[in-house]
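# Inside the fold
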Amino acid sequence: MKRYLPPYLLSGPAVIIFVIMLAVPMIMTFMLSFKSFSFYTGITPDYGWHNYLEVVTDSYFHEIFFRTYAISIGVTLLCALIGAPEAYILNRMTKAWRSMCLLAILGPLLISVIVRTLGWALLIGNNGVINDALLLLGVIDEPLRMMYTTQAIVVALVHVLVPFMVLSVWTTLQKLDPQVENASMSLGASHFTTMYRVVLPQIMPGILAGSLIVFALTASAFATPSILGGRALKVVATTAYDEYLNTLNWPLGAAIATILLIANIVVVMSYNKYVEHKYAAVFD
Amino acid sequence: MRRYDKNGPIALTFNALFLIFILAPLFVVCWVSFTPEGFLSMPTTEFSLRWFVAILDHPEFISAFLFSVYLAFGSATVAVALAVPAALATARYRFPGRGMIMAFFMSPLMIPHVVLGVAFLSYLSSLGWAGTYIGLVACHVILIMPYALRLVLASVTGMDKAAEQAARSLGASRWTTFRRVTIPLIMPGVTGGWVLAFITSFDELTMTLFIASPSSTTLPVRMYQHITENVDPLIASVSAVIIFITMILMFVLDRIFGLDKLLVGK
C-alpha cells in the first residue's frame, strides 16, 4: 500500500475539490429533481417521479426536445459536409498558407460565443446587413424575416462549432500517407473514386469523432439559441434556464437538466461503442 | 509526372467561401461598431469612434471586464496548481483507480454547462456562497480543469526523465530536482494550460449566468443581459474590443505554442 501513497497524495487535492465541487452538487441536483414545487409552498421534499412524468407526457416538452435534437442532427450533418472537405483542402496547402487559414478558422474558438452570435444577429436582423443589401439591390421589397427562426440557429451553430470538425478531421489527415492517394490515381481511379473509396474511409474516424463533439455541444447549446431563437423557439438548455430563473421551479429544472445530461452521456457512449466496433481495425 | 496533391480551382473557391463564412460575422461586428449613427447601421461614408468612447460612459461593462479578468486569473491559477501534481501522479505512477481519477477530472467536458449551472446554483446557495468570488472561482476551476490538465499532462508525458535522474544522482534533493529540473522542463505545458484555462474561464457564459450576482457579473454575462434587452452599437463596440484583444493574444499564442497544438492538446 505504501508504494501507492505518492500518486494518491499528488492527485489528492484535486480529487477532494472535485468531490466537493462536482460530485456532491451533481448528486444533490439529481435528488432535487425528485422533489416537488408549488407557488405557495415552494420546494417540498415529497419525493417522486412527477417531474420526469411531466416532461415525458407534456407535449410542450416533446416539442422542445424534438427541436433540440433535430437542430443537433442538422448542425452535425452540415458541419461534416463543409468541415471535412475544408480540412482536406487545408492539408494540401503549402505550410505558410495552411497556418494562416488554420489561424483564421481556429482563432474564433478563443472568442466568446456571445460575440460570434452577435455577429449573426447583426447579419440577419430585420435591418441587418443581408436585408439592407438585398433591399438596396432591389431583390426584395420588404425585409426577410430571418431572426427567430430555426434556420438562423442552425447556421449560427454551424459557424460556432465547425472549427471542431475541421480540427478533428485535420488531425486524422495528418496521419495519412499521401502516396496512397497518388497510387490510386496512377492506377487509373478517377478523382471521385479515389475520394470515395480511398480518402473517405481513412478520414471517417476523424469525421465521427468531430460529429460527436459537435452533436453534444449543439444539444447543450444555450447562448446561440437563446439570442437568435428568442422566446418562442426554446431548446432544452434555455428551458432549464427559464424553469430555474424565471418560473423558479427548481425541481422541474433539475429534472430537465438530468434528462439532458443522461441523453448526452447515452449518445456519446453508444456512439463510442459503435465507432470502436466499426473501426477496431483502424485504431489497433 | 502529374501531381495529384494540389488544390484545384474548385477547392480554392470552397476554401475562400469557407473563410468568408467563418470571418464575416466577426467582421460585421467590427464594421458596425464604427457607425456614426445612434442606431445599428453599416457605415459607408462616415466612420466614427463615438461608440468606443461611449463604453467609457458605461462603467458596468468596464467593471464586468475587470471582474472577468480577476476571476479568470484566480481560476486558471488554482486549476494549474491542482493540475500539475495530478498530472505527475497519473503520468508517472500506475495505481488502483488511476483510470477512474483521470475520467473524473475529464468529466466536466461531458457535462452540459447548463447542467453545471443548475447544479452549482442550488449548491452555492445552500452553502451561502452564491455570488461570492470564492464560489465562482471554485465552479470555474471544475470547468477549466480538463483544459489545464490535458496540456500539463502532455508535457509531463513528453518529458525526458533522464534529466531528473541525473540531478538526483548528482546529489540534488527531491524538492530541488522538482523545482530546478522538472518545473522548467514542463513549463511550456503549464503556461499553455494556464492560458487556455484563462481564456475558457473568461469566455464562459452559460454556467456563470446561473451563479453570478449583480456585484459579481462577468463580461459575457453582462453582454448577454444587454443583448436580450436590446442590440445597439454599444454592444458591437464592446465586442469589437474583445475581438481585437483576442486577436493580439491569438497571434502571440500561435507564435509560442501553435494554435492547433494548444487546442488539440498534443
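As the structure is a prediction and not an experimental result, all values here were calculated from the model.

### Comments concerning the overall build of chain B
For chain B, the helix and strand inventory stands at 12 helices and 0 strands. Mapped from its N terminus to its C terminus, chain B presents α and β elements in the order α-α-α-α-α-α-α-α-α-α-α-α. Out of the 266 residues in chain B, the part that is buried amounts to 44%. Nonlocal contacts in chain B, meaning residues at least 24 apart in sequence, comprise 76% of its contacts between residues at least 6 apart.

### Describing the overall build of chain A
The helix and strand tally for chain A stands at 13 helices and 2 strands. Against the globule reference of 19 Å for 284 residues, chain A gives a C-alpha radius of gyration of 24 Å, more extended than a compact globule. Projected onto its principal axes, the C-alpha positions of chain A cover 75 × 75 × 35 Å. Within chain A, residue pairs in contact and separated by at least 24 positions form 73% of the contacts whose partners lie at least 6 positions apart.

### Considering the packing of helix 1 (residues 5-32) of chain A against helix 4 (residues 98-106) of chain B
Look at helix 1 of chain A against helix 4 of chain B: their axes get within 11 Å of each other, and the N-to-C directions meet at 55°. Put simply, helix 1 of chain A runs oblique to helix 4 of chain B. Note on packing geometry: the crossing formed by helix 1 of chain A with helix 4 of chain B is left-handed. For the pair helix 1 of chain A and helix 4 of chain B, contact is made by Ser11(A), Ala14(A), Val15(A) and Phe18(A) and by Ile101(B), Phe104(B) and Phe105(B), respectively. The residue inventory of the contact of helix 1 of chain A with helix 4 of chain B, partitioned by class, reads 6 nonpolar, 1 polar and no charged.

### Considering the interface of chain A and chain B
One frequent convention defines the size of an interface as the accessible area lost when the parts assemble. Each partner contributes to the interface: chain A provides 74 residues, whereas chain B provides 71 residues. Top element by residues in the side of chain A that touches chain B is helix 1 of chain A. It accounts for 18 residues.

### Section: unusual backbone geometry
Although it is not a glycine, Tyr148(A) adopts a positive phi angle of roughly 60°. Within the secondary structure layout, Tyr148(A) lies in the loop between helix 6 (129-137) and helix 7 (150-174).

### With respect to the nonpolar core
Residue and element names in this part refer to chain B. With 160 residues, the main nonpolar core has Ala79, Ala83, Ala148 and Val152 as its most contacted residues. When residues of this core are assigned to their parent elements, the largest contribution, 17 residues, is made by helix 6 (residues 133-157). Not counting residues within four places of it along the chain, the set of residues in contact with Ala83 comprises Met145, Ala148, Leu149, Val152 and Gly193.

### Remarks on the confidence of the model for chain A
Residues of chain A with pLDDT of at least 70 account for 97%, and the chain-wide mean is 85. Mean pLDDT across the secondary structure elements of chain A bottoms out at helix 13 (residues 280-283) of chain A, with 56, and peaks at helix 3 (residues 59-91) of chain A, with 92.

### Quick notes on the environment of Arg180(B)
All names here are of chain B. Position of Arg180 among the secondary structure elements: in helix 8 (residues 174-203). What makes Arg180 exposed here is the crowd of 12 C-beta atoms within 10 Å. Each C-alpha atom of the pair Arg180 and Leu209 lies 42 Å from the other, and the pair is 29 residues apart in sequence.

### Section: helix 1 (residues 9-32) of chain B
What sets the pattern is the α-helix's 3.6 residues per turn: residues three or four places apart point alike. Here helix 1 of chain B contains 24 residues, and its C-alpha end-to-end distance of 33 Å stays within 8% of the 34 Å for a straight helix at 1.5 Å per residue. Where helix 1 of chain B bends most, the angle comes to about 40°, and this point is Leu23(B), followed within four residues by the proline Pro25(B). Those residues of helix 1 of chain B lying buried are Asn15(B), Phe18(B), Ile22(B), Pro25(B), Leu26(B), Val28(B), Val29(B) and Val32(B). Residues of helix 1 of chain B that are buried sit in contact with helix 3, helix 4 (95-106), helix 5 (113-124), helix 6 and helix 7 of chain A together with helix 11 (233-256) of chain B.

### Section: the environment of Pro36(B)
All names here are of chain B. The residue Pro36 is located in the loop between helix 1 and helix 2 (50-56) in this model. By C-beta crowding, Pro36 is classed as partly exposed, having 14 other C-beta atoms within 10 Å. Note: C-alpha distance between Pro36 and Leu249 (213 residues apart in sequence) is 29 Å. For Pro36, the contacting residues outside a window of four places in its chain are Pro43, Glu46, Phe47, Ser48 and Arg50.

### Topic: the packing of helix 3 of chain A against helix 9 (residues 191-219) of chain A
Residues and elements named next belong to chain A. Where helix 3 contacts helix 9, the two axes come as close as 9 Å, and the packing angle between them is 145°. With respect to the hand of their crossing, helix 3 and helix 9 are arranged in right-handed fashion. Taken together, the residues of helix 9 that come into contact with helix 3 (itself represented by Thr68, Tyr69, Ile71, Ser72, Val75, Thr76, Cys79, Ala80, Gly83 and Ala84) are Ile203, Ile207, Gly210, Ser211, Val214, Phe215, Thr218 and Ala219. Partitioned by chemical class, the residues of the contact of helix 3 with helix 9 number 11 nonpolar, 7 polar and no charged.

### A short note on the confidence of the model for chain B
All names here are of chain B. When pLDDT is averaged across chain B, the result is 86; 97% of the residues are at 70 or more. When pLDDT is averaged over each element of chain B, helix 3 (residues 59-92) comes out on top at 92 and helix 12 (residues 259-264) at the bottom at 70. Note on the complex model: pTM 0.89, ipTM 0.87.

### Points about helix 11 of chain B
All names here are of chain B. A rise of 1.5 Å per residue sets the reference length of helix 11, with its 24 residues, at 34 Å; its end C-alpha atoms lie 35 Å apart and thus fit the reference within 8%. Of all the residues in helix 11, the buried ones are Pro233, Ile235, Ala236, Ser237, Val238, Ser239, Ala240, Ile242, Ile243, Thr246, Met250 and Leu253. At the C-terminal side of helix 11, Gly258 shows a positive phi close to 85°.

Conventions and cut-offs
- Residues numbered from 1 in each chain as written.
- Chains lettered and ligands numbered in written order.
- Predicted model: local features only at pLDDT ≥ 70, side-chain atom pairs only at ≥ 80, totals over all residues.
- Helix = DSSP H or I, 4+ residues; strand = E, 2+ residues; numbered from the N terminus.
- Buried ≥ 20, exposed ≤ 12 C-beta atoms within 10 Å, placed from the backbone.
- Contact = placed C-beta atoms within 7 Å.
- Rg over C-alpha atoms; globule rule 2.2 N^0.38 Å.
- Axes fitted to C-alpha atoms, helices over the stretch in contact; angles between N-to-C directions.
- Parallel < 35°, antiparallel > 145°, perpendicular 65-115°, else oblique.
- Left-handed = near helix turned anticlockwise from the far one by under 90°.
- Nonpolar A, V, L, I, M, F, W, Y, C, P; charged D, E, K, R; others polar.
- Core = buried A, V, L, I, M, F, W, Y, C linked by C-beta atoms within 7 Å.
- pLDDT = per-residue confidence, 0-100.
- Expected span 1.5 Å × (residues − 1).
- Bend = angle between axes of the 7 residues up to and from the residue.

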